[in-house]
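# Structure assessment
Given next are the chains, with one letter for each unit.
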Amino acid sequence: MAETNDPAACVLQKFRKSEDVAFYRRQVQGPKLQHRALLDSLQLSDKGAHLELLEIETQTALLLSLSASKEDSVRIVVDELRPLKSRYRVPDVVAEEPRCERLRAERRSQDCLLLSWSSGRHSVCVWSFPFRLEILCQQEVTVTFNAKGKLWLEALRDPPSATTADAGEPAEGDASGLWRETFKEFVDIKANGPTSVGADLCLHGFSHVFGAPQHADTLRLGDTRDGEPYRLYNLDTFAYPVRSRLGLYGSIPLLLAHNAERTLGVFWLNASETFVNVRYDDLQDDTAPPVDRSSTEPQTALHLLSESGIIDCVVLLGPSPQELFSQYGQLTGFQALPPLFALGYHQSRWSYRNQADVEAVDAGFDRHRIPYDVIWLDVDHTDAKRYFTWDPRLFPDPVGLQRHLEKKKRKLVVISDPHVKVDPDWWLYREARDGGHFVKNRDGAVFQGSCWSGSSHYLDFTNPHTRAWYSSCFGLDKYQGSTTSLFVWNDMNEPSVFDGPEQTMPKDAVHHGGWEHRELHNLYGFYQHKATMEGLLSRSGGLERPFVLSRSFFAGSQRFGAVWTGDNTASWEHLKITIPMLLSLSLAGISFCGADVGGFLEDPGAELLVRWHQAAALQPFFRNHSSKWSRRREPWLSGSGVTAAAVRAAIQQRYCLLPYWYTLFHLAHTSGLPPLRPLWVEFPGEEDTFAVEDQYMIGGALLACPITAEGAREVEILLPGSAEVWYDISSAKAYKGGGTLRLPVHLLTVPVFQRGGSLVCRSTGSGSCSADFQLLPLTVTVALDSQGAAEGVLYLDDGHSFSYHHSKAFSLRRFTWSSGRLRCCGSDEGRFDCDLVVRSVLVMGLEKEPTAVKVLQSGREDAAAAAFQHAQSLHTLTVSSLDLKVTADWEVRLL
């Protein structure tokens, strides 16, 4: 949500371009600095290497710290050697400090220093003058740090003499914006003066770079030399434009580069305003003579610029996409395993009118036989927009409402924003005020801004004491009207300040420890998300998995829950841009992500609403959400009988696929593999997949191509892998990979293909929510590859608690098909048991009809005959009427 009620208002006028930002201008237009590495200053320790850098003109002394981890990453840190005071270093994002390798000086000369470590695969070469740092993989230079000499670190300095009425403030004539900067009517006073940092990296052999979300732009980052850089600055960008590099609600400063041989990552750990420039085929300096590009490997130049802090850059060396995801997950944390209900369908609106309205919507899902798990309440459920309260007229019995939903095994989500209404009669305001939990102005007074609650103060979530207090507010004893089936949505936490610069908090506001807001702006929502998650965790005594959705985020937010793409609009272009936006988030560790189905603003037509449900059902977070200015959008209001049936079918199919989705989230939680994957993740050597952004893999087994064009009658689908076989899941028809398929479509068509060699478990039957589907029998769909084999896994636990972690109450079942036999077995690691059974098996790609099918179960000597049917025209075999316990070992054998 945002302040204006005019969805058509131009959002770009509120926000700065790069030319409006003083530190960006200084770095891009400023002098080219030259640094010398003082190789004789080298010091080696168990944690890496340290040596001094000297900027030639100003004689500024810097400290370069290098470390190599056992997880195959190299960390480059540059700080002042002797700063006036400590510069800001981002806390809490790195989940666990990497295990460092001991570096050794392999070779040393007057010009360079070669450092290596035990693995032997990688090394680092530090060149003295001009300073540059090369990372070598198998003795080939893969990354060069400071290749273009754009290393920049503005040293802290004493303020100039006061010449204004306010002591310590510089004069208004500060044109370079060193100490004072103006945008529109807002003036930013910089207590520490200019403190920006920047660096460039050359990625050798790469011409495809991804990541750096959140932007409504292409999956492959565009070349920025003729346009705006990518901006990472969390903002309330209501009705944001598509194909734009404007900073949106969250920022993850992780870039991934990929070619046919290698994937690597660059993680820029800085929480201040940041810009990213990308230049492809950047083979030379602009002043150098031309070279024959046809004989030179491609290169990509990255230039990262931040307003403050230090340079803290981690290069993740892969070399495979899967290894890179693991490296990043070990650094910033893996995706939290969500409770099963969170993977179901969510119904939301700004706002449902009252308790009776919520109960009527809930009954509507039952009446129309559409499953759903969660209904959401926006800000209007509160008493005068005071969070942690209920409007007594509209919601007279919130506990009763939650109990009513809980009887149906459904949940309620309520909103909790970071601004606190200035109201001395309200217990929460008084506790926050008296506890010193609010952000302050630069003059020491409590910062005051405007948001939904009117005149508001903003909680300082950077303060661990404030986070602990805020977490305690979710306790059942303090949050009156709440129950254990209530979960939380953090909105407006960029933070959004309606009367602030760029509709956010002024950079010269002051946080815990005396840090200016400019230092940590992009962390604000991260910290509220963290505190909310910890509050729900404490509420259950650490036993139950929380669910928290946050609009704002940073690297590491995956540890706390889910995010979404914010206030989109009901347009075909917004539906289409959803796919690359979610893929970019997935690549950057945020696996649990989604977009508002149908668009938050305006009214989708019937076809658009159908296509959006079909697409979102194939994406991680599945929520229908709309604004108060839009028509009601419950699924049964989708239009004619055909369109309503199409929406119902999409939701039903989502629930049938929940066993597969839940298994994929287990993999994300344990290995960093995102459920949603660009094609190149699964087919890293096929260059025609690198820029594909309108289709994707769901795990390693399913290829989805949601229809995002109005009136589509045919779609083109790339089926990768010349040795692959792909099966249309709606018809079981097989297609050879390595080409493009032209597929006729109609309103009910949802193009999804199962990869040969894979095995997927689906629930069969119907239910009203995920808890019902959790008990339904399974169909195992086997898609044979060209060798007649297939394999897959199924993860099981109770779906809601941490018993899978505390007492290993989980089961990981492995299915394999080989030589006409389907085997189900598991490891001894987990100890979870349940009564879930496999009812049927569908085998696609089986040409020869068997004479019989036998079932062998562990502990039983005799094989039992099974009913089967073979469709010769489709080459499918269906084995039915089975009753095979999933957690037991068994075998289905064709004779």
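Higher on the page you've got the structure.
Residues numbered from 1 in each chain as written. Predicted model: local features only at pLDDT ≥ 70, side-chain atom pairs only at ≥ 80, totals over all residues. Heavy atoms only, no water.

## Focus: the pattern of salt bridges
Considering all chains together, one arrives at 61 salt bridges under this definition. Among the ionic pairs, Asp 366 bridges to Lys 408, the shortest N-O distance being 2.8 Å. Taken together, the positions of Asp 366 in helix 3 (residues 355-367) and Lys 408 in the loop between helix 4 (398-407) and strand 23 (411-415) put the pair 42 residues apart, joining distant regions of the chain. Across the salt bridge formed by Lys 478 and Glu 431, the nearest N and O atoms sit 2.9 Å from each other. Of the two residues, Lys 478 sits in the loop between helix 6 (464-472) and strand 27 (486-490) while Glu 431 sits in helix 5 (residues 427-434), which places them 47 residues apart along the sequence. Shared partners join several salt bridges into a network, and the residues in it are Arg 16, Glu 181, Asp 188, Lys 190, Arg 231, Glu 273, Glu 307, Glu 502, Lys 507, Glu 516 and Arg 518. (Salt bridge = Lys/Arg side-chain N within 4 Å of Asp/Glu carboxyl O. Helix = DSSP H or I, 4+ residues; strand = E, 2+ residues; numbered from the N terminus.)

## Details of the pairing of strand 49 (residues 867-871)
For a regular strand, the rule is simple: side chains alternate between the two faces of the sheet. With five bridges connecting them, strand 49 and strand 50 (residues 876-880) associate as antiparallel partners. When the bridges of strand 50 are listed, Ala 871 appears paired with Thr 876. Following strand 49, the chain reverses through four residues before pairing antiparallel with strand 50; His 875 in that reversal takes a positive phi of roughly 60 degrees. (Pairing = 2+ DSSP bridges.)

## Describing helix 12 (residues 658-671)
Look at helix 12: 20 Å from first C-alpha to last across 14 residues, which is about the 20 Å you get at 1.5 Å a residue. Among the 14 residues of helix 12, ten are classified as buried, and the element is accordingly described as predominantly covered. Looking one or two residues beyond helix 12, the residue adopting positive phi is Gly 672, at roughly 85 degrees. (Expected span 1.5 Å × (residues − 1). Buried < 20%, exposed > 50% of the residue type's maximum accessible area, 1.4 Å probe, protein only.)

## Quick word on the nonpolar core
Within soluble globular proteins, side chains that are nonpolar tend to cluster in buried spots. With 149 residues, the main nonpolar core has Val 93, Phe 267, Leu 412, Leu 523, Phe 547 and Ile 698 as its most contacted residues. Broken down by element, the residue count for this core peaks at seven residues, all from helix 9 (residues 572-587). Core analysis: the next-biggest nonpolar cluster, separate from the first, contains 51 residues, Leu 66, Ala 199, Tyr 230 and Tyr 280 among them. (Core = buried A, V, L, I, M, F, W, Y, C linked by side-chain atoms within 4.5 Å.)

## As for the sheet that holds strand 33 (residues 676-677)
The antiparallel open sheet is built from six strands, whose spatial order is 33-34-35-40-37-38. Edge positions in the sheet fall to strand 33 and strand 38 (734-736), since each of these pairs with one other strand and no more. Sheet analysis places strand 37 (residues 725-728) next to strand 40 (residues 752-755), joined by three bridges and oriented antiparallel. Opposite Asp 728, over in strand 40, you have Phe 753 as the bridge partner. Against the sheet, helix 12 engages strand 33, strand 34 (696-698) and strand 35 (702-704), with an angle of about 95 degrees to strand 34. (Contact = heavy atoms within 4.5 Å. Axes fitted to C-alpha atoms, helices over the stretch in contact; angles between N-to-C directions.)

## A word on the sheet that holds strand 20 (residues 311-316)
Across a sheet, paired strands are connected by hydrogen bonds in the backbone, their directions being either parallel or antiparallel. Within the open sheet, the eight strands sit side by side as 1-2-3-4-20-17-16-14. Their pairing is antiparallel. On the outer flanks of this sheet lie strand 1 (35-45) and strand 14 (209-211), each paired with one strand and no other. Sheet twist, expressed as the mean angle between neighbouring strand axes with direction ignored, is 20 degrees. Pairing analysis gives four bridges linking strand 17 (residues 263-268) to strand 20, with the strands arranged antiparallel. Each residue of the ladder has a partner; that of Phe 267, found in strand 20, is Val 314. Along the sheet, helix 2 (residues 321-332) contacts strand 16 (254-258), strand 17 and strand 20; its crossing angle with strand 17, the most-contacted strand, is approximately 25 degrees.

## Concerning the pairing of strand 16
Most of strand 16 sits inside the fold, with five of its five residues counted as buried. Where strand 14 lies against strand 16, three bridges are found, and the strand directions are antiparallel. Each bridged residue has a counterpart across the sheet, and for Gly 211 the counterpart in strand 16 is Leu 255. Bridge count between strand 16 and strand 17: five bridges; the pairing is antiparallel. Each residue of the ladder has a partner; that of Leu 254, found in strand 17, is Phe 267. Where strand 16 hands over to strand 17, the hairpin turn is made up of four residues, counted between the paired strands.

## Some thoughts on the environment of Gly 594
Tracing the chain through its elements places Gly 594 in strand 30 (residues 593-594). We classify Gly 594 as buried; its relative accessible area is 0%. Distance from Gly 594 to Thr 565, taken between C-alpha atoms, is 6.5 Å for residues 29 residues apart in sequence. Once residues lying within four places of it in the same chain are set aside, the contact partners of Gly 594 are Val 563, Trp 564, Thr 565, Leu 582 and Phe 621.

## Examining the side chain of Asn 234
The residue Asn 234 is located in the loop between strand 15 (230-232) and strand 16 in this model. Engagement of the side chain of Asn 234 in a polar contact is seen with the side chain of Ser 552, the distance being 3.1 Å. Aside from chain neighbours lying at most four places away, what touches Asn 234 is Leu 248, Tyr 249, Gly 250, Ser 251, Glu 494, Thr 504, His 521, Asn 522, Ser 552 and Phe 553. (Polar contact = N/O pair within 3.5 Å; in protein donor to acceptor, adjacent residues only side chain to side chain.)

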